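# Examination of the molecular architecture
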Amino acid sequence: MTKEAAIMRHDLLSTLDIRYPIIQAPMAGVSTPALAIAVSEVGALGSVAVGTSTVQQARAAIGAVREKTSRPFNVNVFTHRPAQADPAREAAWLDWLRPHFERFGACPPAALGEIYRSFLDDEPMFELLLELRPAVVSFHFGLPPQDRIDALKAAGIVLFTTATSLDEALRIEAAGIDAIVAQGIEAGGHRGMFDPAAPDPALPAFALLEQLRGKVSLPLIAAGGIMHGAHIRSALHHGASAVQMGSAFIACPESMATAHHRALIARGAALRTELTAAISGRPARGIVNRMFTEVGAAGHPPLPDYPIAYDAAKALHAAACAEGSQDYSVNWGGTNVGQARAMPAGELVAMLADEMNAAA
């Protein structure tokens, strides 16, 4: 790591008031206040995801973290383009799914809905963040309007945004964001790309870091495939000031991962992950099952907008689950998710720090 990179890392840790260059990824549907508390309490940065939450749920989650820790933590929101309903496209998608529902004696829902709002279209969520002023707010899927960025910064909130390309990183820097989460193709869950219809450079995390370093002056936070302290050390070598780790924390007891998800992770190296947009309407990486091999098979009709398509996936999983099948469950995870370690989150952070130091 160069002297300049070391200074950037120190500055980011100082700004965030954390001891370790480790950020627990928000992971909507998997992370919990308890996970964020455990991570923040030991000197890393915990995160809660409110992109799929109502304002009332977001207030409760932030309050739950603050009740148990005075340490800083991150609150993540989704900044995707609000969905555009298209009844004909949605009907065609439900017709494609019909045979899968019929396997369980069920019918597809009569219609689909936008199951959660984008931060771009959620004034109450914006007002909540200004009121509660978490230490960090992070954006996934793009940038909010400039006036919201300016208002959150004026409130003393540190801002992160995910980038999957140099173009996105340059736009983030121009908007006055404080740090860039450089998300490699290995990362589990949803790709943070601004426009899912645009070509995806699909760069691995370290290749993306190398492309961004020297082109942007903001601190870079590496995300994607990082599971061990040696991976953290390599990310720092490639220009990162910190890492964001999601899959590494899924097996922790504080996460909300299902028993099936945990059992899959326990298989270790036998796991296979892929990217598909067929589950939610946006590209996302998870553990391969029928959602990937059959629902997302070649020849499927055009997808409904995100997150309308997700409404259908959730209904299909519910129908299968009611008959005792997990064939259509959604188990997000990165390429190395089989390396996740089932231990308390605080212990995991300490182990990662020891491994990182040993790899120096």
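About the cut-offs
- Residues numbered from 1 in each chain as written.
- Predicted model: local features only at pLDDT ≥ 70, side-chain atom pairs only at ≥ 80, totals over all residues.
- Heavy atoms only, no water.
- Helix = DSSP H or I, 4+ residues; strand = E, 2+ residues; numbered from the N terminus.
- Contact = heavy atoms within 4.5 Å.
- Axes fitted to C-alpha atoms, helices over the stretch in contact; angles between N-to-C directions.
- Parallel < 35°, antiparallel > 145°, perpendicular 65-115°, else oblique.
- Left-handed = near helix turned anticlockwise from the far one by under 90°.
- Nonpolar A, V, L, I, M, F, W, Y, C, P; charged D, E, K, R; others polar.
- Pairing = 2+ DSSP bridges.
- Buried < 20%, exposed > 50% of the residue type's maximum accessible area, 1.4 Å probe, protein only.
- Arc of directions from axis to C-beta.
- Core = buried A, V, L, I, M, F, W, Y, C linked by side-chain atoms within 4.5 Å.

Take Ala106: it is sitting in the loop between helix 4 (87–102) and helix 5 (123–132). For Ala106 and Ala319, which are 213 residues apart along the polypeptide, the C-alpha to C-alpha distance reads 6.5 Å. Apart from the residues lying within four places of it in its own chain, the contact partners of Ala106 are Phe101 and Ala319.

With their axes 11 Å apart at the nearest point, helix 4 and helix 13 (residues 308–322) run at an angle of 15 degrees to one another. Classed by the angle they form, the pair helix 4 and helix 13 counts as roughly parallel. For the pair helix 4 and helix 13, the crossing hand works out as right-handed. Residue-level inspection shows Glu90, Trp93, Leu94, Leu97, His100 and Phe101 of helix 4 in contact with helix 13, the latter providing Ile308, Ala312, Ala315, Leu316 and Ala319. Of the residues that constitute the contact of helix 4 with helix 13, the class distribution is 9 nonpolar, 1 polar and 1 charged.

Moving on: the sheet that holds strand 7 (residues 189–190). What the 3 strands build is an open sheet, ordered 7-11-10; its pairing is antiparallel. Each having just a single partner strand, strand 7 and strand 10 (273–276) make up the two edges of the open sheet. Both strand 10 and strand 11 (residues 284–287) contribute to a ladder of 4 bridges, which runs antiparallel. Its bridge partner being in strand 11, Thr276 is matched across the sheet by Ala284.

As for its placement among the helices and strands, Ala28 is situated in the loop between strand 1 (22–24) and helix 2 (33–41). Residues Ala28 and Lys314, 286 residues apart in the sequence, show an inter-C-alpha distance of 14 Å.

Turning to the environment of Val349, a few remarks are in order. In this fold, Val349 is placed in helix 14 (residues 345–358). Val349 sits 329 residues away from Tyr20 along the chain, and the two C-alpha atoms are 8.5 Å apart. Val349 has contacts with Tyr20, Ile22, Val39, Val42, Ala44 and Phe249, leaving out every residue within four places of it along the chain.

What follows concerns helix 8 (residues 205–212). Burial in helix 8 covers these residues: Ala205, Leu208, Leu209 and Leu212. Buried residues along helix 8 cover an arc of 105 degrees about the axis, so they all sit on one side. Within two residues after helix 8, Gly214 carries a phi angle of roughly 90 degrees, on the positive side.

The strands that make up a sheet pair up through hydrogen bonds in the backbone, lying either parallel or antiparallel. Reading across from one edge, 1-9-8-6-5-4-3-2 is the order of the 8 strands in this open sheet, with parallel pairing throughout. Lying at the two open borders of the sheet, with one neighbouring strand each, are strand 1 and strand 2 (46–49). Sheet twist, expressed as the average angle between the axes of neighbouring strands with direction ignored, equals 25 degrees.

Turning to the nonpolar core, a few remarks are in order. Ranked by size, the top nonpolar core spans 76 residues in total, and within it Ile22, Ile180, Ile232, Met245 and Phe249 carry the most contacts. Element by element, the count of residues in this core is highest for helix 14, at 6 residues. Setting aside its immediate chain neighbours within four residues, Phe249 contacts Ile22, Gln24, Met27, Leu35, Val39, Ser255, Ala345, Leu348 and Val349. Formed by 28 residues, the second largest nonpolar core is a distinct cluster that contains Leu94, Val288, Met291 and Phe292.

Bear in mind that shape data such as this cannot, by itself, settle questions of function.
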